[in-house]
Protein chains: 2
Amino acid sequence: MTEKDKQTEDKIFDAATEVFIEKGMDGARMQDIADRAGMNKSLLHYYYRSKDRLFNAVFEMIAMKMLKKFAPVFDANVLFEDKIRFFFREHISFLQKNPRLPAFLLNEINRNPSRIKQFMANIDIESFWMILFTQHKEELKKYHITRENIPQVMTILVAITVFPFAARGLLKEILAKQNLKFDDFLEDRKTFAADFVISALQNMHLSTAEDESKTKNHDEKKRT
Amino acid sequence: MTEKDKQTEDKIFDAATEVFIEKGMDGARMQDIADRAGMNKSLLHYYYRSKDRLFNAVFEMIAMKMLKKFAPVFDANVLFEDKIRFFFREHISFLQKNPRLPAFLLNEINRNPSRIKQFMANIDIESFWMILFTQHKEELKKYHITRENIPQVMTILVAITVFPFAARGLLKEILAKQNLKFDDFLEDRKTFAADFVISALQNMHLSTAEDESKTKNHDEKKRT
DNA sequence: AAATAGTTTAACCAGGCGGTCAAAATTACA
DNA sequence: TGTAATTTTGACCGCCTGGTTAAACTATTT
C-alpha cells in the first residue's frame, strides 16, 4: 500500500509546511498540523517520529526551493546586465507566489544558527564566486567592481528582492498610506530595481574614486 | 521604595529584552527571564502581570529605538545625497551595536501582524513622504524619480542596510568562505552603499527612458 | 478464509508552561 | 519601636505539549 502511504505522508508534509511557515517551529503545534491534515496526531509520529524531524524535512525542502532559483546565475554566454534583469524579474515573480518563504527561512536560521549548515550543504559558495568572477571578468572591470566588492553587490541584489517580502506586512501598510498596492509595487520593482542597479554599476566609476583612503571624507563636491 | 522598585523592574525589563530577542515571543520562557534577572518568577507577574504585557513593553521600546534613527531624514537644508551618506553611515553603525533588532522586529511582526499598528502608531507616514518630496523636489526631478518611485528608492535604502543583519548568520558564513569578515564587510558597506545608490540616482535617466508605457512591455506573456 | 503485516485510532502519560496565592521578608511610616 | 504597607518567595494549580502504546481497523498474502 505504498500508494496510500505516500498520500497520507504527503498530506502530513503539506499541512506541516503550512503550519510551520505560519507559526514557526516554536509556535507550531502537532495537533494543529494533524487537524489541518485531517487525521490523528499519532500518524505524524508514525511517519516522522518527532516534531524536530518533521520540521527538518520541511525546512530542507523550502531551503532547496529557494536555492534552486539562483541556478541561472551560472548560465554561460549571458551578459551580466541581462542576468540582473532576469534575476529581478524571475526572483520577484517567484516570491510573489511564495511570499512567506524569506521570513520563514531568515527567522528559523536566526533562531537556530546551526541550521545554516543544513542550508549551505547543498551549495558550493566558492565556485559560485569563482564562476561569477571569471564569467564576467571584463564587465566587472568595466564597472570598477573589485573582487572584494562582489559580495557587496550580490548582497544588494538579494536585499532588494528579499527585503520587501521579509517586511511584507509593514510595507503593505506603509504603501497603503500612499494609496499604493503591494502587488503593483512589486510589479514595478521588477524593472525599476534592474534599471537602478545597472545604472549604479555603469556609472560608479564617475561618481567615486574607490580608494579606501577616501572613506571618511565628508565634504563632497557638486556633481557635474 | 521607588528606588528599589525601578531597580528590579528594570532588571526584569533588561532580562526580558535579552531573552525575547534571543528566543522570540514563542520561544521565550518566563522562568528563563526570571533566572537571568536573578529573582523569583512571580516578580515578573507582580510587575508586568503577564508574558504578553511584558513582551509588549519590550517590543514597544525596541520599535521606538529603531524608528528614532530615521528622524534625521527630516532635517532641512541638507542635500539629498548627504542625507544618503549620513543614513548609511549612521544606520549601519547603529545596527552594528544592535545587530539582532531587525530580525526580532521582522519576525514578531510577521508572526503577529496586528503589532504593525503598535509599530506605526508613533510615526506619521503621510507627512514623512510629504516632507521628503517637498524638501527634495528639485533633486528628485533631476534624478527623474517620480512621486510613485520614492517608495521604491526608500525600500532599496532600508533593504541595503537592514538585510545583511536580518540574514546575519548566513552572510557571515558566506563571507567566511571568501576569507572576508562580517565586520569589515559592514565597514565597507557604509561608503560603498552610499556611492552605489548615489551613482544609480545620478544616472538613471541615462540608462532608461522611464515611461510607464515601457514598464510592462518586456516580450513576456501578459500577466494576470 | 485465516493468518499476517501494515495503518489508524483513542486514551493516556510525564513534563513544562503561564499564572496564582498565601505566607515570609523587607521597608515605610507613626 | 511597633505596625501597616509593600516586595519577594516557594509551593502549587490547571492546562497544554510532544510523545507513547495497545488495541482496532484495513489490506495483503497464503
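Student: What should I look at first to understand the overall build of chain A in this one?
Tutor: Within chain A one finds 12 helices and zero strands. Relative to its full complement of 224 residues, chain A shows a buried share of 49%. Intrachain contacts of chain A at a sequence separation of at least 6 include 70% that bridge at least 24 residues. For chain A, the exposed area adds up to about 11600 Å²; of that, 51% sits on carbon and sulfur atoms.

Student: How should I be thinking about the environment of Ala28(B) in this particular structure?
Tutor: Residues and elements named next belong to chain B. Along the chain, Ala-28 falls in the loop between helix H1 (2-27) and helix H2 (30-37). Residues Ala-28 and Glu-18, 10 residues apart in the sequence, show an inter-C-alpha distance of 9.8 Å. Every residue in contact with Ala-28, bar those within four places of it in the chain, is listed here: Val-19, Phe-20, Lys-23 and Lys-51.

Student: Just to check I follow, could you spell out the interface of chain A and chain B for this structure?
Tutor: Where interface size is given, it is often the accessible area lost as the parts come together that is meant. Contacts between the two partners involve 69 residues from chain A, matched on the other side by 72 residues from chain B. Here chain A packs against chain B, burying approximately 6600 Å² in sum over the two surfaces, 66% of which is carbon and sulfur. Counting across the interface, chain A meets chain B through zero salt bridges. Linking chain A to chain B there are 17 residue pairs in polar contact (both at pLDDT 80 or more). If you list the elements that add at least two residues to the side of chain A that touches chain B, you get helix H1 (2-27), helix H6 (101-111), helix H7 (115-120), helix H8 (125-135), helix H10 (150-166), helix H11 (168-176) and helix H12 (182-207) of chain A.

Student: Can you walk me through the side chain of His91(A) in this structure?
Tutor: Tracing the chain through its elements places His91(A) in helix H5 (residues 80-97). Excluding its chain neighbours within four sequence positions, the residues that come into contact with His91(A) are Met66(A), Lys69(A), Phe70(A), Phe86(A), Thr161(A) and Val162(A).

Student: How should I be thinking about a nonpolar patch on the surface in this particular structure?
Tutor: Residue and element names in this part refer to chain B. Residues Phe-74, Met-130 and Ile-131 make up a contiguous nonpolar surface patch of roughly 240 Å² in combined accessible area. By the element assignment, Met-130 lies in helix H8 (residues 125-135). The partly exposed category is assigned to Met-130, whose relative accessible area is 46%.

Student: What's the story with the relation of the copies chain A and chain B in this structure? I'm lost.
Tutor: In this arrangement, two copies of a chain are superimposed by a rotation about an axis accompanied by a shift along the axis. If you rotate chain A by 180° and push it 0.0 Å along the axis, it lands on chain B with an RMSD of 0.0 Å. Given the turn and translation reported, the copies of this chain are related as if by a two-fold rotation axis. Taking the C-alpha atom as reference, chain A places Ala200(A) closest to the rotation axis, 1.9 Å from it. A shared interface surface links the copies, since 99% of the contact residues of chain A are contact residues in chain B too.

Student: Mind showing me how you'd approach the pattern of salt bridges here?
Tutor: Close approach of charged atoms lets side chains of opposite charge pair. Taken as a whole and assessed by the stated rule, the structure comprises 14 salt bridges over all chains. The residue Arg36(A) makes a salt bridge to Glu18(A) at a minimum N-O spacing of 3.2 Å. Of this pair, Arg36(A) sits in helix H2 (residues 30-37) while Glu18(A) sits in helix H1, and the two are 18 residues apart along the sequence. Note that Asp195(B) is salt-bridged to Arg85(B), the shortest N-O span being 2.9 Å. Of this pair, Asp195(B) sits in helix H12 (residues 182-207) while Arg85(B) sits in helix H5 (residues 80-97), and the two are 110 residues apart along the sequence. In the salt-bridge network here, residues are joined through shared partners; they are Glu18(A), Glu22(A), Lys23(A), Asp32(A) and Arg36(A).

Student: Would you explain unusual backbone geometry in this entry?
Tutor: Generally, phi is negative for residues other than glycine and the peptide bonds are trans, each holding for most cases. All names here are of chain A. Phi at His-144 takes a positive value of approximately 65°, unusual for a residue other than glycine. Looking at where His-144 falls in the secondary structure, it is placed in the loop between helix H9 (137-143) and H10. For Asn-179, which is not a glycine, the phi torsion comes out positive at approximately 60°. Looking at the element boundaries, Asn-179 is found in the loop between H11 and H12.

Student: Looking at this structure, how should I read the environment of Phe104(B)?
Tutor: Residues and elements named next belong to chain B. When you line up the elements, Phe-104 lands in helix H6 (residues 101-111). For Phe-104, a relative accessible area of 2% gives the class buried. The spacing of Phe-104 and Ala-166 is 62 residues in sequence and 8.5 Å in space, taken between C-alpha atoms. Residue contacts for Phe-104: discarding those within four places in its chain leaves Phe-20, Ile-21, Phe-55, Phe-59 and Ile-62.

Reading the values: the criteria
Residues numbered from 1 in each chain as written. Chains lettered and ligands numbered in written order. Predicted model: local features only at pLDDT ≥ 70, side-chain atom pairs only at ≥ 80, totals over all residues. Heavy atoms only, no water. Helix = DSSP H or I, 4+ residues; strand = E, 2+ residues; numbered from the N terminus. Buried < 20%, exposed > 50% of the residue type's maximum accessible area, 1.4 Å probe, protein only. Contact = heavy atoms within 4.5 Å. Areas by Shrake-Rupley, 256 points an atom, 1.4 Å probe, with all protein chains shown as cover. Buried area = accessible area lost by both parts, 1.4 Å probe. Salt bridge = Lys/Arg side-chain N within 4 Å of Asp/Glu carboxyl O. Polar contact = N/O pair within 3.5 Å; in protein donor to acceptor, adjacent residues only side chain to side chain. Patch = residues over 30% accessible without salt bridge, like charges linked within 9 Å, V, L, I, M, F, W, Y side chains within 5 Å. Least-squares fit on C-alpha atoms with pLDDT ≥ 70 in both.

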